[in-house]
There are 2 protein chains.
Amino acid sequence: MSRPDIARRRTVAMAMLFSVASLAFGQVQACEGHLRSWNDGPAKKAIVEFVKTTTDKASPNYIPPDQRIATFDNDGTLWAEQPMYVQAMFALDRVKALAAQHPEWQTQEPFASILKGDLKAALAGGDKALLEIVMATHAGMTTDEFRQIVKDWIATAKNPATKRPVLEMVYQPMVELLAYLRAHGYKTFIVSGGGIEFMRPWAEKTYGVPPEQVVGSSIKTKFEMRDGKAVLVRLPELNFIDDQDGKPVGINQHIGRRPVAAFGNSDGDQQMLEYATTGSGPHFGMLVLHDDKAREFAYGPATGLPDSHVGTFTQALYDEAKQRGWIVISMKDDWKQVFPLVH
Amino acid sequence: MSRPDIARRRTVAMAMLFSVASLAFGQVQACEGHLRSWNDGPAKKAIVEFVKTTTDKASPNYIPPDQRIATFDNDGTLWAEQPMYVQAMFALDRVKALAAQHPEWQTQEPFASILKGDLKAALAGGDKALLEIVMATHAGMTTDEFRQIVKDWIATAKNPATKRPVLEMVYQPMVELLAYLRAHGYKTFIVSGGGIEFMRPWAEKTYGVPPEQVVGSSIKTKFEMRDGKAVLVRLPELNFIDDQDGKPVGINQHIGRRPVAAFGNSDGDQQMLEYATTGSGPHFGMLVLHDDKAREFAYGPATGLPDSHVGTFTQALYDEAKQRGWIVISMKDDWKQVFPLVH
């Protein structure tokens, strides 16, 4: 047997041994291993310390399992939101896909500009234009049909800046954090300004968060019997905006308990973090700062770069975080790896 | 040792043996034991058959765990709704408790009639009067304060007809059914026309259903910072009516999946059962018929008695149940025991 062969055999044997050892060492050790994409720094330390003390019955900070509620923003907190929200990419693609059925869109704004590829002109109409795009692409079908449309789209959707599949631009350290919290009896919820029905079709597979633990913005639906089958039809009418003041409202409506831990990255998450961290008892707030231009994008305070039109992390929020003791994650310093390894 | 003594010893020994045997025989046997307040009849048989086939991987009716969603109405399905909804008792009691702070109520309807004990006159104002009572008693405080008010009230509240604590007028067979379904990987939800925040404070302890699995009617809330603490203030404005057409809408909003099993007792549950039982794949619908005047109340079709003003189970619903294959539970015939044994 040659020397390289021996070395290879030894490696394989050690890998097998390591697997067995992991099993034998049990839950806690395996769980801290969950945070393997986090650098050993203040953010990881704070997470581990919070989870350790709140799950230790002997600790004064112990939290009973039924109160272990953790809420996560999605865009910019669990996956990339640059150069635009993924749901905006979806809406634009849907306008193009539906254009053949809407010849009037060739001359009607904001659709005409989208079809010409001029996004800036399309959005010049402000909130009214945005709402028209959302309703034209998100309403008019049943909830079952919409779920399938989202599933089909997201399976191949790519980020326009990086050309990577959008589902491969989730943050690996945050996926690990979700699993780590769940392994310690925390129930994890997504609380996003994005559409609740846009996230549910893929959130369980991607984040381990089932549909009933996703909270988001929504349009109204209407019950109908169609060919003997009960369906819900999506209506072009806003139901709820799950952002800023709306996040605690949505949390109360869906979860019915005050979270003890909340994770965000922008002013849209301010009230959610305030809600989670001003209750009685132990609590945890964390904000993701996008300061890693080399591996992701850089925007917000302390990056020396202006805020983007999405994911506004203002200096005021940064100051509030410091004052309230919320942990600010530096993507550059705290994350060993940003995106999942592609197989 | 006398003969009776020997007999008693034998009984104790057999009871001990039986306990040990149950443990040894494992999950399934223990689970069927969960339905001990059900008589052996068509309803129990249908439940056991549905659960057996949908959890058996070899069965063509197998349902994967993530799709095992079961929804339950509350009033008249999980607990008694006669002689009036429990939440109505709560509202009337709150009017009396708050009267000292509202001297104007002595002459202002519908409050004046409530304070005089004349419920009929109070409700003569129809929906408008009802809404005024709800808003005066359910709004104006924070969600944390309301939760405590409900907890305090329900701890001592008694049914005016039976004088039994309202929490002891839950249906024991249905509590067992909830546990039986959960033991087989079903996620159980309450989907009630009642107030979501009225049910959450006691639903987990009473039914094993946590706050985030309770869907119900709601009023709007508003985020506020009060003395440095984030709170939600309950506003005197309707948000959502979770009844009839609203039940599938509420299910989709909160759960995001079509249930495969639904349980109700009135026309308010019709659309929920239609939604659950017209999807693709196996499904189960069940309605509780209140035909047991001796042990509970009798109202609805086939009882020979007129419908009450609450919990309307019309002949049309009865006919639809037969046509769609929904099981109609006869409380009289199918339930060995109606209420929990009091210790």
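Above this text sits the structure in question.
Thresholds applied
Residues numbered from 1 in each chain as written. Chains lettered and ligands numbered in written order. Predicted model: local features only at pLDDT ≥ 70, side-chain atom pairs only at ≥ 80, totals over all residues. Heavy atoms only, no water. Axes fitted to C-alpha atoms, helices over the stretch in contact; angles between N-to-C directions. Helix = DSSP H or I, 4+ residues; strand = E, 2+ residues; numbered from the N terminus. Parallel < 35°, antiparallel > 145°, perpendicular 65-115°, else oblique. Left-handed = near helix turned anticlockwise from the far one by under 90°. Contact = heavy atoms within 4.5 Å. Nonpolar A, V, L, I, M, F, W, Y, C, P; charged D, E, K, R; others polar. Salt bridge = Lys/Arg side-chain N within 4 Å of Asp/Glu carboxyl O. Buried < 20%, exposed > 50% of the residue type's maximum accessible area, 1.4 Å probe, protein only. Buried area = accessible area lost by both parts, 1.4 Å probe. Polar contact = N/O pair within 3.5 Å; in protein donor to acceptor, adjacent residues only side chain to side chain.

Participant: It is not clear to me how the packing of helix 3 (residues 42-54) of chain A against helix 9 (residues 172-183) of chain A should be interpreted in this structure. Could you clarify?
Facilitator: Residue and element names in this part refer to chain A. Following both chains from N to C, one finds helix 3 and helix 9 inclined at 15°, their axes separated by 11 Å at the closest point. Put simply, helix 3 runs roughly parallel to helix 9. In the packing of helix 3 onto helix 9, the handedness of the crossing is right-handed. Contacts between helix 3 and helix 9 pair I47, V48 and V51 from the former with L177, Y180 and L181 from the latter. Broken down by class, the residue content of the contact of helix 3 with helix 9 amounts to six nonpolar, no polar and no charged.

Participant: Please clarify how the pattern of salt bridges should be interpreted in this entry.
Facilitator: Pairing between side chains of opposite charge can happen when the charged atoms of each approach one another. Overall, the coordinates contain 30 salt bridges over all chains when judged by the stated rule. Among the ionic pairs, E168 of chain A bridges to R164 of chain A, the shortest N-O distance being 3.9 Å. The shortest N-O distance in the salt bridge between E224 of chain A and R226 of chain A comes to 3.0 Å. The exposure class of R226 of chain A is partly exposed, given its relative accessible area of 36%. Through salt bridges that share partners, K187 and R257 of chain A together with E204 and E212 of chain B make up one connected network.

Participant: Sorry if this is basic, but what is going on with the interface of chain B and chain A here?
Facilitator: Counting residues at the interface gives 41 residues for chain B, matched by 41 residues for chain A. Together, the buried faces of chain B and chain A total about 3,200 Å²; carbon and sulfur atoms form 44% of this surface. Broken down residue by residue, the surface that chain B buries against chain A is led by E212, F223 and Q253 of chain B, which jointly contribute 20%. Applying the counting rule to chain B against chain A returns eight salt bridges. A salt bridge links E212 of chain A to R257 of chain B; the nearest nitrogen and oxygen atoms lie 2.3 Å apart. Elements that contribute at least two residues to the side of chain B that touches chain A include exactly helix 8 (143-154), strand 2 (187-195), helix 10 (196-207), strand 3 (214-226), strand 4 (229-240), helix 11 (246-254) and helix 12 (270-277) of chain B.

Participant: Would you mind showing me how to read the environment of S59 of chain B here?
Facilitator: Position of S59 of chain B among the secondary structure elements: in the loop between helix 3 (42-54) and strand 1 (69-72). A polar side-chain atom of S59 of chain B sits 3.0 Å from the main-chain carbonyl oxygen of T53 of chain B.

Purely geometric stuff here, so don't read any function into it on its own.
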